[in-house]
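Below are the chains, spelled out letter by letter.
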Amino acid sequence: MLILPIKKILIIDDEERLRTLISRILELESYKVFQVKDGKSGLAVLDKEDIAVVLSDVRLPDINGVELVKHIKKLNPTIEVINLTAYGNIADGVQSIKNGAFDYIIKGDDNDKIIPLVAKAMDKALLQRKVQQLEKKLEDRLGFDSIIGKSIAIRNAKDLAQKVSPTDTTVLLLGETGTGKEVFAQAIHYNSRRKEQNFVAVNCSAFGKDLLESELFGYKSGAFTGALKDKRGLFEEADNGTIFLDEIGEMSVSLQAKLLRVLENGSFIKVGDTKTTNVNVRIIAATNRNLQEEIAKGIFRDDLFYRLSVFTIQLPSLKDRKEDIEELSRYYIQQFALKLNKPVPKPDKEFLEILQNHSWKGNIRELKNTIERALILCDLPILTRQDLPFQQAPSHSPDSPVYDLAGIEKQHIIKVLKHTGGNKTETARLLGIGLTTLYRKIDEYNI
């Protein structure tokens, strides 16, 4: 059954007869209408009721209705206000719209406009509220609440990130692969003053030197063979927002010099251009490398390191926050059960103990993949050690010992291939290995 929102309207007018007449007309259109005679009473109603549209007279006993628009918009920007007046003048009309009013109409002359005008204002107000709700959901999904765990190590990292979020300071995130560096970067962005602007993430290890330069800074038409038109770079896409440079340690030394210039004065020159492009971008960088060792080897610039490491946050590995493993596991069990359209299975004690004692070299990413595979393989309402790939033994046969590691791997690959219907790309993704590696193992195990 579809439940429609109650559409509430407030009329503020000291003329009781007119107020009552408009109220009756609107009630016939299925609106819930509140009436008051002055601005102070109107603000009191807005404080208690979820009003979407306000119809306010311009000449009120205690405040000018045009000025009242400012107060209402400050209270709730999604409320739409229509000013009504018996003495229309251009100056008031212009100021009313400047203050944020939806419209400014003259009583009597524009009576026929009221119902369609209110309908349009209501549609806009409800749409704005829907957008606001979606933005709130996005913030919840990408904000600090999305970072799960109560261990001291993760709490310390979150505290630092929350403190630096409201600033424009450059942040360097350090940590092993799979510790959630991009999740932290997103949370910092969505809790900053730049949250309404773009968050652009780029993995520096995914591109060669020349291609990375073109992706980051763009190029002009004719800069090289195949450059048929101008291309905006990712720094331009992130203008006034945040750019996340993951695996910054993989960037070539020559490109590091160009990045240093952006950090120092917010400018760069595109490939094939002679003019400077200016941007206002917050940079968050991340790496799993020891950059000071890279500096000693001569493959990372020390001046860039000092500019990037203004505010450094060390993200803990999963082995340093083992008390969070059960909470993380239960969260991912729920998420993947929903994704796979399965009832949420209950992990047994042994299942959780094995997860707790595993080394987790791939950290949270490895845990996520393990849980997803476990739910795919699980046919019972309980998750047991048999659903964990690193604890499974192959079916006993005369030719293969029960605890033969190669046999375990072969049986697990077969099981996942069966689940995916032979889709090797999806099988490789679920196993957390490259497609080439999967083909090699299929050939090696004669699957």
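Check the entry above for the structure.
All of the points below concern the structure found in this document. If you're wondering where the values come from, they're calculated on a predicted model, not measured in any experiment.

1. As for the overall build of the protein chain
If you tally the helices and strands in the protein chain, you get 18 helices and 14 strands. What you see for the protein chain is a C-alpha radius of gyration of 30 Å, clearly larger than the 22 Å of a compact globule of 447 residues, by over 25%. Counting only C-alpha atoms, the protein chain reaches 95 × 60 × 45 Å along its principal axes. When each of the 447 residues of the protein chain is scored for burial, the buried share is 45%. In the protein chain, the share of contacts with a sequence separation of at least 24, taken over all contacts with a separation of at least 6, comes to 66%. Just so you have it, the protein chain exposes about 24300 Å², and 51% of that area is on carbon and sulfur atoms. Positive and negative charge centroids in the protein chain, built from 65 and 63 side chains respectively, lie 1 Å apart.

2. Here we look at unusual backbone geometry
Located in the positive-phi region is Ser30, a residue other than glycine, with phi close to 75°. Inspection of the secondary structure puts Ser30 in the loop between helix H1 (16-27) and strand E2 (32-36). Take Ser30: its relative accessible area is 65%, and that puts it in the exposed class. We note that Trp360 has phi near 50°; this positive angle belongs to a residue other than glycine. Note that Trp360 resides in the loop between helix H14 (349-357) and helix H15 (363-377).

3. Points about the pairing of strand E1 (residues 8-12)
Burial analysis of E1 places five of its five residues in the buried class, the great majority of the element. Residues Lys8, Leu10 and Ile12 point to one face of E1 and Ile9 and Ile11 to the other, with burial holding for every one of them. The pairing of E1 with E2 spans five bridges and is classified as parallel. Bridging from a neighbouring strand, Ile12 pairs with Val36 of E2. In this fold, E1 hands off to H1, which returns the chain to E2; that crossover is right-handed. By the bridge criterion, four bridges tie E1 to strand E3 (residues 53-57) in an arrangement that is parallel. Bridge assignment links Leu10 to a residue of E3, and that residue is Val54.

4. Here we look at the side chain of Arg19
In this fold, Arg19 is placed in helix H1. Here Arg19 occupies a buried position and makes no salt bridge, while the nearest side chain of opposite charge, Glu16, is found at 4.7 Å. Once you skip the residues sitting within four places of it in the chain, Arg19 turns out to touch Ile11, Asp13, Asp14, Gln35, Val36 and Lys37.

5. A short note on helix H2 (residues 39-48)
Within an α-helix, residues lying three or four positions from one another point in the same direction, as the helix has 3.6 residues per turn. Residues of H2 that are buried: Gly39, Gly42, Val45 and Leu46. The arc enclosing the buried residues of H2, seen along the axis, measures out at 115°, which places them on a common side. Opposite the packed face of H2, turned more than 90 degrees from it, sit the exposed residues Lys40, Asp47 and Lys48. Tucked inside the fold, the buried residues of H2 contact E1, E2, E3 and helix H3 (65-75). For H2, the capping residue at the N-terminal end is Asp38, with a side-chain oxygen 3.4 Å from the backbone nitrogen of Lys40.

6. Re the packing of aromatic side chains
As enumerated under the stated definition, the model contains eight aromatic pairs in all. Ring plane angle 50° and centroid distance 5.0 Å describe the contact between Phe217 and Phe268, whose orientation is recorded as tilted. Here the residue Phe217 occupies a position in helix H8 (residues 209-217), and Phe268 occupies one in strand E9 (residues 267-269), the gap between them amounting to 51 residues. Among the residues examined, Phe268 registers a relative accessible area of 1% and is labelled buried. Through a chain of ring-to-ring contacts, three or more aromatic side chains come together here, namely Phe217, Phe235 and Phe268. Directly above the ring of Tyr87 sits Arg59, whose terminal nitrogen or CZ lies 4.3 Å from the centroid.

So, how was this worked out
Residues numbered from 1 in each chain as written. Predicted model: local features only at pLDDT ≥ 70, side-chain atom pairs only at ≥ 80, totals over all residues. Heavy atoms only, no water. Helix = DSSP H or I, 4+ residues; strand = E, 2+ residues; numbered from the N terminus. Rg over C-alpha atoms; globule rule 2.2 N^0.38 Å. Buried < 20%, exposed > 50% of the residue type's maximum accessible area, 1.4 Å probe, protein only. Contact = heavy atoms within 4.5 Å. Areas by Shrake-Rupley, 256 points an atom, 1.4 Å probe, with all protein chains shown as cover. Lys, Arg positive; Asp, Glu negative; His and termini not counted. Charge placed at Lys NZ, Arg CZ, Asp CG, Glu CD. Pairing = 2+ DSSP bridges. Right-handed = clockwise from strand over helix to strand, strands pointing away. Salt bridge = Lys/Arg side-chain N within 4 Å of Asp/Glu carboxyl O. Arc of directions from axis to C-beta. Polar contact = N/O pair within 3.5 Å; in protein donor to acceptor, adjacent residues only side chain to side chain. Phe/Tyr/Trp six-rings, centres within 6.5 Å; stacked < 30°, edge-to-face > 60°. Lys NZ or Arg CZ within 6 Å of the ring centre and 35° of its normal.

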